[in-house]
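The chain contents come next:
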Amino acid sequence: MSFPWAEPYQPKNGLTRWFDERLPLPRLVYGAIGGGYPVPRNLNYFWNFGVLAGLALTVQIVTGIILAMHYVPYGDAAFLSVERIMRDVPQGWLLRYAHANGASFFFMVTYIHIFRGLYYGSYKAPRELVWMLGLVILLLMMATAFMGYVLPWGQMSFWGAKVITGLFGAIPFVGEPVQQWLLGGFAPDQPTLNRFFSLHYLLPFVIAGVIVLHIWALHIPGSSNPTGVEVKSAQDTIPFHPFYTAKDGFGVGVFMLLFALLTFYAPNYLGHADNYIPANPLSTPAHIVPEWYFWPFYAILRAFTVDFILPAKLWGVIAMFAAILLLFFLPWIDRSPVRSGNYRPRFRQFFWILILDLLVLGYVGGQPAEEPFVMISQLATIYYFAHFLIILPILSAVERTLPLPNSISESVLHGEDKEAAPADLSGLRPAAAE
Amino acid sequence: MATVEHSDGMLATAPDGGVRRRDFINIAAVSAAGVGAAATLYPLINQMNPAADTLALASIEVDVSAIQPGQAIKTIFRKQPLFVRHLTPAEIQAANAVSTGELRDPQTLAERTQEGKAEWLVTMGVCTHLGCVPLGAAEGENKGAFGGYFCPCHGSHYDTAGRIRKGPAPKNLEVPAYKFASDTVITVGEVA
Amino acid sequence: MVRLIAFLVGLGFVVVAGWSLGNGVVAYATQPQEESVEHRFHLSPKHVDFSFNGPFGKYDRQQLQRGFQVFKEVCASCHSLSLVAFRNLEEIGYNEAEVKAISNQWQIEVPSVDPKTGEASTRKGTPADHFPSPYLNEVAARAANNNALPPDLSLITKARHDGPAYVYSLLTGYRNPPADLPADSRPGEGLHYNPYFANLNIAMPPPLTGDGQVTYADGTKPTQDQVAKDISAFLAWTAEPRLENRHRAGLAVVLFLLFATVLSYLAYQNVWHTAKRKVRHTGPLDPENMAKRDAANREAGVNL
């Protein structure tokens, strides 16, 4: 581990010693999430969301493997097999609702996890790879969620598959062959369903693998913290276990509570009614929308309505992918030496505008492509790109930041009573400099 | 270092040596997590049990009116073959002539049929050795050395009461629960 | 360098999106905004109090049985209910013998194969069978219904927004088209005006013809309103038959989680208690450090 004061692993009894000498797994766990991993002592609740995302992935894998025991990836039988799970399989309704809403929860906690990274500058050196691996996970999650949504073979499944694979049709010259290659035909059909099922089963394990790399890369410099000041001495840290295991335990409790409320009392709230209609290639739903977690990107896709050198459709596709890909370059776009938004008053203002902007994009992404929603989505798209590609590079060069605390322990004491409060915007340090 | 002391602090005992009230809360929280995890396992395991639509087919009705003495039919019960055999008086006699003492799985024909309906032998068509389907239910099939059923996989011979007489099978052909819904219809899967 | 490229790329996206926006604004400002006919005349479902609404909601077995009677006598001649099996009726209060009788006497027989000739044939239903469809296939259904397809009703209340209320509103929502309805949107031959239907004109003739269309065995007065509510409740059950299990299990799970979460919070506070107390005695609370920080703040022009 990176810090010299990290507690070395001491086997508690003969059995763990015997095991550790042959396979140092206990040592690995101890150093990764046990008492041997020193963590900054001032982490707030936003640092719970990494663990929660891991929990959500676990829920998805467990319920998913079970659903695959009953699901049939075969044309109309796919829809019927899902309904059989809902009606006849013992507790099948619970497993399916947990899986469907688990996807939403996975995205919710992952997005909060990402926003935390954006606000506290977790993407900055020396954690660039942690950030980039995280973005790889996000892309894999999106692919997995999209393919999973196709599997029930309802109307939205079918038309979602058609529209999203249609995006690849916008690529010049090779678009149409690529689209047919993805679908295994001219429209979503049996080959599409089978390959999506196969990949939907595979990708979560790829995600799990990238998560291992994500955590490995994180453990080299250690966790960041709300001040953005690096750990300087043993006083700044506290062992992961029992302190953060206890805190994560509480986080897991709150997460499960919200998850249970949604799964048991509003299981279809985040879904779309049309997906309870079996897929019909001859009838398009009045209003095709993806699941909510894709709405901001869907809004960006639809914001480009006029040809400008390239066709509008291609611009939309490019912009949608660029919206995610630009995040890979964030560590080099934002060169401010100060990590945490707590000490960057201007950055903080723009950060909250960005959050608002994303909420607006999400909202219009779920609305029909009519005015005034299209104009709003265009405005919001402009801000999205301007924020990352124009404002941040300029800001990081000209911004006047606030003085940083000398060390984490100093800042902890200053904001001691607020230790357990969510991102504190005014208490830790005064808001704006002027 | 301070941090080391902290981690010890959680597990430390009170000066008087007992478990402190603080520790009790930690133990209770971990226990609650354990209970929650165990409860979660229930649906994860229970889902593999037969589903409602499978169970709905767990009883079937068989019309036996067309089966002549000496004939048998093969039908499907719980996705497995079921033999319904209309015994001739000679077959009944042959079955009753055997003394149960010499049988591997001692049962009389009366125990294997319903009262007053000794001519109706209803058995699973599943050899008790390793699960093959014995021959003898259809016209012209090998009925084995004892005139009942013969399993070609490993050479088990069953007599006219479906009892194992020769070969590796350990038990008689299983008689499922069934009842006569009327004189000509039997309901298999329901206790009489 | 990265920042320069980022800046240029960003400018590119902003210009292109801005171009789209500009075009959109000009179009919006110059072209008159026409409100679509659907937007103007379409109505959201009425509010209905069903017994199964809310977190503690339960189905009313009597109502479901009445709804089943309505389905049998009014809907089943055109609409299938293919995801529901006769055996499921035991869940709404019929006993085994009644279910057997219902399946055996159902007006439509189950497709089968003649055991002698091998030709397609039909047989009487059993409890294990699903409700048979009134039509052989979609072509037959359309041929018999003026080219309109009566949808399967098993999931109808989940396949429509606010489903049970939608079905109720639709069944009671037939009326004469308003005078100001544009000619293009007036119901054509074989269509009927219904403002709760997505495109306002529905092919289904008003199925509920008035009070007393069915006769309830339990003495409930079969007004048109009551009949519409009963069939809506029945169809809510066919779409979500495990609703009661869900509500019951949910209550237990939520209560347990509340308890466990409070416990975990106490344990968390408990574990951290020692950590915080120790820290107070170490360096950072040192008055010297405090002074340094305050000085730095003043230097930066910050008012604490």
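Residues numbered from 1 in each chain as written. Chains lettered and ligands numbered in written order. Predicted model: local features only at pLDDT ≥ 70, side-chain atom pairs only at ≥ 80, totals over all residues. Heavy atoms only, no water.

Engineer: Just to check I follow, could you spell out the overall build of chain A for this structure?
Structural biologist: Helix and strand content of chain A: 16 helices and two strands. Taking 434 residues into account, the globule formula puts the C-alpha radius of gyration at 22 Å, and chain A, at 24 Å, falls close to it. Its C-alpha atoms give chain A principal-axis dimensions of roughly 65 × 60 × 40 Å. Looking at chain A residue by residue over its 434 residues, the buried ones come to 59%. Counted over contacts in chain A with a minimum sequence separation of 6, partners at least 24 positions apart contribute 80%. Total accessible area on chain A stands at roughly 17700 Å², and carbon and sulfur atoms take up 72% of it. Put simply, chain A has 25 plus and 26 minus side-chain charges, and the middle of one group is 6 Å from the middle of the other. (Helix = DSSP H or I, 4+ residues; strand = E, 2+ residues; numbered from the N terminus. Rg over C-alpha atoms; globule rule 2.2 N^0.38 Å. Buried < 20%, exposed > 50% of the residue type's maximum accessible area, 1.4 Å probe, protein only. Contact = heavy atoms within 4.5 Å. Areas by Shrake-Rupley, 256 points an atom, 1.4 Å probe, with all protein chains shown as cover. Lys, Arg positive; Asp, Glu negative; His and termini not counted. Charge placed at Lys NZ, Arg CZ, Asp CG, Glu CD.)

Engineer: Just checking my understanding: could you explain the interface of chain A and chain C for this structure?
Structural biologist: Contact with chain A, which involves 75 residues of that partner, is made by 70 residues of chain C. With both chains or domains summed, chain A and chain C bury close to 6300 Å², and 71% of this area falls on carbon and sulfur atoms. Across the contact surface, chain A and chain C share one salt bridge. For the salt bridge of D88(A) with R87(C), the shortest nitrogen-to-oxygen distance reads 3.2 Å. Inspection of the chain A/chain C interface yields 14 residue pairs in polar contact (both at pLDDT 80 or more). Elements supplying a minimum of two residues to the side of chain A that touches chain C: α4 (75-87), α5 (92-120), α10 (240-265), α12 (312-325), α13 (330-333), α15 (373-398) and α16 (408-414) of chain A. Counting residues per element, the side of chain A that touches chain C draws most heavily on α10(A), which supplies 16 residues. (Buried area = accessible area lost by both parts, 1.4 Å probe. Salt bridge = Lys/Arg side-chain N within 4 Å of Asp/Glu carboxyl O. Polar contact = N/O pair within 3.5 Å; in protein donor to acceptor, adjacent residues only side chain to side chain.)

Engineer: Just checking my understanding: could you explain the UniProt feature "binding site: heme b b566" (unreviewed entry) in chain A for this structure?
Structural biologist: All names here are of chain A. Here the UniProt-annotated "binding site: heme b b566" (unreviewed entry) positions come out as H113 and H214. With the annotated positions falling across 102 residues, the maximum pairwise C-alpha distance of 13.2 Å places them together in a single cluster. Locating H113 in the fold gives a position in helix α5. Look past the residues within four positions of H113 in its chain and what remains in contact with it is F49, G50 and H214. Relative to the helices and strands, H214 resides in helix α9 (residues 190-219). A relative accessible area of 17% places H214 in the buried class. Every residue in contact with H214, bar those within four places of it in the chain, is listed here: H113, V130, L133, G134 and I137. (UniProt positions renumbered as here; feature names shortened; annotations may be inferred.)

Engineer: When you look at α15(A) in this model, what are you seeing that I'm missing?
Structural biologist: Side chains that are three or four residues apart share a direction in an α-helix, a result of its 3.6 residues per turn. Residues and elements named next belong to chain A. Between the first and last C-alpha of α15 there are 35 Å, a value that for 26 residues agrees with the 38 Å anticipated at 1.5 Å per step. The largest bend along α15 reaches roughly 50° and is located at H387. Within α15, 21 of the 26 residues are buried, which leaves it mostly tucked inside the rest of the structure. (Expected span 1.5 Å × (residues − 1). Bend = angle between axes of the 7 residues up to and from the residue.)

Engineer: Teacher, can you tell me more about the state of the cysteines here?
Structural biologist: Residue and element names in this part refer to chain B. Evaluated as defined, the whole model comprises one disulfide over all chains. In this model C132 forms its disulfide with C153; the gap between the sulfur atoms is 2.0 Å. As the torsion about the S-S bond is roughly -100°, the C132-C153 disulfide counts as left-handed. Placement of C132 in the loop between β4 (120-124) and β5 (147-151) and of C153 in the loop between β5 and β6 (156-159) is noted, with a sequence separation of 21 residues between them. The closest cysteine sulfur to the non-disulfide-bonded C151 is located on C127, 3.8 Å from its own sulfur. (Disulfide = S-S within 2.5 Å.)

Engineer: Would you take a moment to explain the sheet that holds strand β9 (residues 185-188) of chain B for this structure?
Structural biologist: Strand pairing within a sheet occurs via backbone hydrogen bonds; the two strands may be parallel or antiparallel. Residues and elements named next belong to chain B. The three strands are arranged β1-β9-β8 in an open sheet whose pairing can be described as antiparallel. Edge positions in the sheet fall to β1 (60-63) and β8 (178-180), since each of these pairs with one other strand and no more. Strand-to-strand twist across the sheet, computed as the mean angle between neighbouring axes with direction ignored, equals 25°. Here four bridges tie β1 to β9, and the two strands are oriented antiparallel to one another. The residue bridging D63 from the neighbouring strand is V185, located in β9. (Pairing = 2+ DSSP bridges. Axes fitted to C-alpha atoms, helices over the stretch in contact; angles between N-to-C directions.)

Engineer: Looking at this structure, I do not really get the packing of helix α3 (residues 61-75) of chain C against helix α7 (residues 224-239) of chain C. What am I missing?
Structural biologist: If you want to describe how two helices pack, look at the angle between their axes and the distance between the axes. Residues and elements named next belong to chain C. Contact geometry for α3 and α7: axes closest at 7 Å, N-to-C directions at 100°. In terms of their interaxial angle, α3 and α7 are classed as roughly perpendicular. Contact residues: α3 offers Q63, L64, R66, G67, F68, V70, F71 and C75, while α7 offers Q226, V227, K229, D230, I231, A233, F234 and W237. Its residues assigned to classes, the contact of α3 with α7 comprises ten nonpolar, three polar and three charged. (Parallel < 35°, antiparallel > 145°, perpendicular 65-115°, else oblique. Nonpolar A, V, L, I, M, F, W, Y, C, P; charged D, E, K, R; others polar.)

Engineer: Help me understand the UniProt feature "domain: Cytochrome b/b6 N-terminal region profile" (unreviewed entry) in chain A in this model?
Structural biologist: The UniProt record annotates "domain: Cytochrome b/b6 N-terminal region profile" (unreviewed entry) at residues 15-227 of chain A. Helix and strand shares over residues 15-227 of chain A are 73% and 1% respectively, and the end C-alpha atoms of the span are 42 Å apart.

Engineer: What am I meant to see in the UniProt feature "binding site: heme c" (unreviewed entry) in chain C here?
Structural biologist: All names here are of chain C. As recorded in UniProt, the sites labelled "binding site: heme c" (unreviewed entry) are C75, C78, H79 and M204. With the annotated positions falling across 130 residues, the maximum pairwise C-alpha distance of 10.8 Å places them together in a single cluster. Relative to the helices and strands, H79 resides in the loop between α3 and α4 (96-105). Residue H79 is classed as buried on the basis of its relative accessible area, which comes to 12%. When neighbours within four sequence positions are excluded, H79 is seen to be in contact with F71, P134, P150, P151, L153 and M204. Mapping M204 onto the fold places it in the loop between β4 (201-202) and α7. Contact partners of M204, with chain neighbours within four places excluded, come to H79, L170, L171, Y174 and H192.

Engineer: Help me out: how do you make sense of the packing of aromatic side chains in this one?
Structural biologist: Think of a pair of aromatic rings as described by two things: how far the centres are apart, and how the planes are tilted against each other in angle. The final tally for this structure, using the stated rule, is 58 aromatic pairs over all chains. Here the aromatic rings of Y178(B) and F180(B) are separated by 6.2 Å at their centres, their planes lie at 65°, and the arrangement is edge-to-face. Taking the relative accessible area as the measure of exposure, Y178(B) reaches 3% and is therefore buried. Owing to a relative accessible area of 19%, F180(B) belongs among the buried residues under this scheme. Three or more aromatic residues joined by ring pairs form one cluster here, namely Y37(A), Y45(A), F240(A), F243(A), Y244(A), F250(A), Y265(C), Y268(C) and W272(C). Just above the ring of F347(A) sits the side chain of R344(A); from NZ or CZ to the centre is 4.2 Å. (Phe/Tyr/Trp six-rings, centres within 6.5 Å; stacked < 30°, edge-to-face > 60°. Lys NZ or Arg CZ within 6 Å of the ring centre and 35° of its normal.)

Engineer: What is the right way to read the packing of α5(A) against helix α14 (residues 345-365) of chain A from this model?
Structural biologist: Residue and element names in this part refer to chain A. Running from N to C, α5 and α14 point in directions that differ by 155°, and their axes come no closer than 10 Å. In terms of axis orientation, α5 runs roughly antiparallel to α14. In terms of crossing hand, the pair formed by α5 and α14 is right-handed. Side by side, α5 and α14 meet where F115, L118 and Y119 of the first sit next to F347, R348, F351, W352, L354, I355 and L358 of the second. (Left-handed = near helix turned anticlockwise from the far one by under 90°.)

Engineer: In this structure, what is going on with the interface of chain B and chain A? I would like to understand it.
Structural biologist: It is common to report an interface's size as the accessible area lost on association of the parts. Of the residues lining the interface, 18 residues belong to chain B; the matching set on chain A comes to 19 residues. Summed over both partners, the interface of chain B with chain A comes to about 1500 Å²; 68% of that surface belongs to carbon and sulfur atoms. Joining chain B to chain A, the criterion identifies one salt bridge. Between R84(A) and D53(B) there is a salt bridge, with its nearest N and O atoms 2.5 Å apart. Linking chain B to chain A there are four residue pairs in polar contact (both at pLDDT 80 or more). Where the side of chain B that touches chain A is concerned, the elements lending two or more residues are α1 (2-11), α2 (21-46) and α3 (52-56) of chain B. Residue composition of the side of chain B that touches chain A, by class: ten nonpolar, seven polar and one charged.

Engineer: What's the story with the nonpolar core in this structure? I'm lost.
Structural biologist: Across soluble globular proteins, you tend to see nonpolar side chains buried next to one another. Counting residues in hydrophobic clusters, the biggest one holds 121 residues, and the most contacted among them are F107(A), Y111(A), L118(A), F304(A), Y384(A), F385(A) and F388(A). Filtering out sequence-adjacent residues up to four positions away, Y384(A) remains in contact with I300(A), A323(A), L326(A), L327(A), L354(A), D357(A), L358(A) and L361(A). Membership of the second largest hydrophobic core comes to 45 residues, among which are V74(C), L81(C), Y168(C) and W237(C). (Core = buried A, V, L, I, M, F, W, Y, C linked by side-chain atoms within 4.5 Å.)

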